[in-house]
Amino acid sequence: VYALLDSPSVTGAYRFHIRPQPSLSVDVDKHLFAREDIDNLGVAPLTSMFDHGQPGMTRRDDFRPRVHDSDGLQVLTRAGEWIWRPLTNPAAFRVTQQRDRDPAGFGLFQRERDFSRYLDRQAQYHRRPSQWVEPAGDWGEGGVELVEIPSDGETNDNIVAYWAPDATFRAGERRHYAYRLRVLDDQAPGH
């Protein structure tokens with residue numbers, strides 16, 4: 001699949017090679033061209049929902065102990081370190097960053113797979129897939145940013161994770177990013 005990006009600040013060309021078997025993966029190859037200076041570029045964005053589920057975060061008006069599509073951010077640094085960051089539904093907008101150079105991978109995961117932890121036969125949160133990004137090539141200095149947005153319900157995707165390069169994307173510059181997006185059941189590759 002080929003696609004074009006056309007906005008006031010950036011334009012781009014995308015190629016998506018979709019492999020449905022044995023588990024879904026998409027190879028993404030994109031070329032971006034800045035029309036304006038962009039201070040915070042988000043590469044390989046992932047979104048999810050986290051309403052409640054950590055101890056002390058239950059809602060009085062909800063019989064379900066957990067309501068979320070993902071329960072944490074998993075990062076594999078270039079140095080081979082695995083980092084797990086549990087998700088929250090914060091009281092105020094929050095952005096955190098895991099610093100790295102040329103990351104080996106990151107993703108939003110649903111690790112808890114026991115139905116009794118959710119008690120939701122309709123939404124089946126215990127069966128929600130996880131998303132994993134495997135960067136290819138040199139992505140440079142930056143960090144995996146996690147954005148957590150306060151939400152009052154499960155209909156809002158209030159979690160965002162992406163790679164944020166340090167260098168400002170200057171008007172007239174061109175950048176290339178390639179990565180594989182994988183959809184998984186529960187664990188990060190190699191874990």
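Thresholds applied
The residue numbers shown here count from 1 along each chain, following its written sequence. The predicted origin of the model limits local features to residues at a pLDDT of at least 70 and limits the giving and counting of side-chain atom pairs to 80 or more, whereas totals for whole chains, interfaces and linings rest on all residues. Just so you know, side-chain values use all the structure's heavy atoms and leave hydrogens and water out. We call two strands paired when DSSP finds no fewer than two bridges between them. Only runs of H or I of at least four residues qualify as helices and only runs of E of at least two qualify as strands under DSSP, and these elements are numbered from the N terminus. Interaxial angle, 0 to 180 degrees, is taken between N-to-C directions of lines fitted to C-alpha atoms, where a helix line uses only the stretch in contact. Think of a salt bridge as a Lys or Arg side-chain nitrogen and an Asp or Glu carboxyl oxygen that are within 4 Å of each other. Relative accessible area decides the class of each residue, using a 1.4 Å probe on protein chains only: under 20% of the type maximum gives buried, over 50% gives exposed, and in between gives partly exposed. Planes of paired rings set the category: under 30 degrees apart is stacked, over 60 is edge-to-face and the rest tilted, where pairs are Phe, Tyr or Trp rings (Trp by its six-membered ring) whose centres lie within 6.5 Å. Any Lys NZ or Arg CZ that is within 6 Å of a ring centre and within 35 degrees of that ring's normal is treated as a charge sitting over the ring. Nonpolar core, defined: a set of buried Ala, Val, Leu, Ile, Met, Phe, Trp, Tyr and Cys residues in which side-chain atoms within 4.5 Å join the residues together.

Caption draft 1: Focus on the sheet that holds strand β9 (residues 94-101). Taken together, the 4 strands give an open sheet; going across it, the order is β4-β13-β12-β9, and neighbouring strands pair in antiparallel fashion. The open sheet terminates on both sides in strands that have one partner only, identified here as β4 (43-48) and β9. When strand polarity is set aside, the average angle formed by the axes of neighbouring strands in this sheet is 20 degrees. Here β4 pairs with strand β13 (residues 159-165) via 4 bridges, running antiparallel.

Caption draft 2: Looking closely at the pairing of strand β8 (residues 82-86). Two elements, strand β7 (residues 72-76) and β8, share 5 bridges in a ladder whose sense is antiparallel. Of the residues in β8, the one forming a bridge with L73 is R85.

Caption draft 3: Seen up close, the pattern of salt bridges. Under the counting rule described, the total for this entry stands at 15 salt bridges. The partner of D27 in a salt bridge is R180, with the nearest N and O atoms 2.6 Å apart. With D27 in strand β3 (residues 25-34) and R180 in strand β14 (residues 174-184), the pair connects residues that are 153 residues apart, well separated along the chain. Since its relative accessible area comes to 16%, D27 is described here as buried.

Caption draft 4: Fine view of the packing of aromatic side chains. Going through the model one piece at a time under the given rule, you end up with 6 aromatic pairs. Taking 5.4 Å as the distance between ring centres and 85 degrees as the angle between the ring planes, the aromatic pair formed by W139 and Y177 counts as edge-to-face. With W139 in the loop between β11 (130-136) and β12 (141-148) and Y177 in strand β14, this pair connects stretches of sequence that are 38 residues apart. The buried category is assigned to Y177, whose relative accessible area is 4%. For the ring pair W139 and Y179, a centre distance of 6.0 Å and an interplane angle of 85 degrees mean the geometry is edge-to-face. Here W139, found in the loop between β11 and β12, pairs with Y179, found in strand β14; they are 40 residues apart in sequence, far enough to count as distant. Each member of the pair, W139 as well as Y179, carries the same accessibility label: buried. Lying over the aromatic face of W84, R111 brings its terminal NZ or CZ to 3.5 Å of the ring centre.

Caption draft 5: Focus on the nonpolar core. Among the nonpolar cores identified, the biggest contains 28 residues, and F106 and W139 are the most heavily contacted of them. Counting residues per element, the ones that place at least two in this core are β2 (10-19), β3, β4, β7, β10 (105-109), β12, β13 and β14. In terms of residues, this core owes the most to one element, β3, which gives 4 residues. Judged by nonpolar contacts, the second largest core, of 5 residues, contains M49, V67, Y118 and A123.

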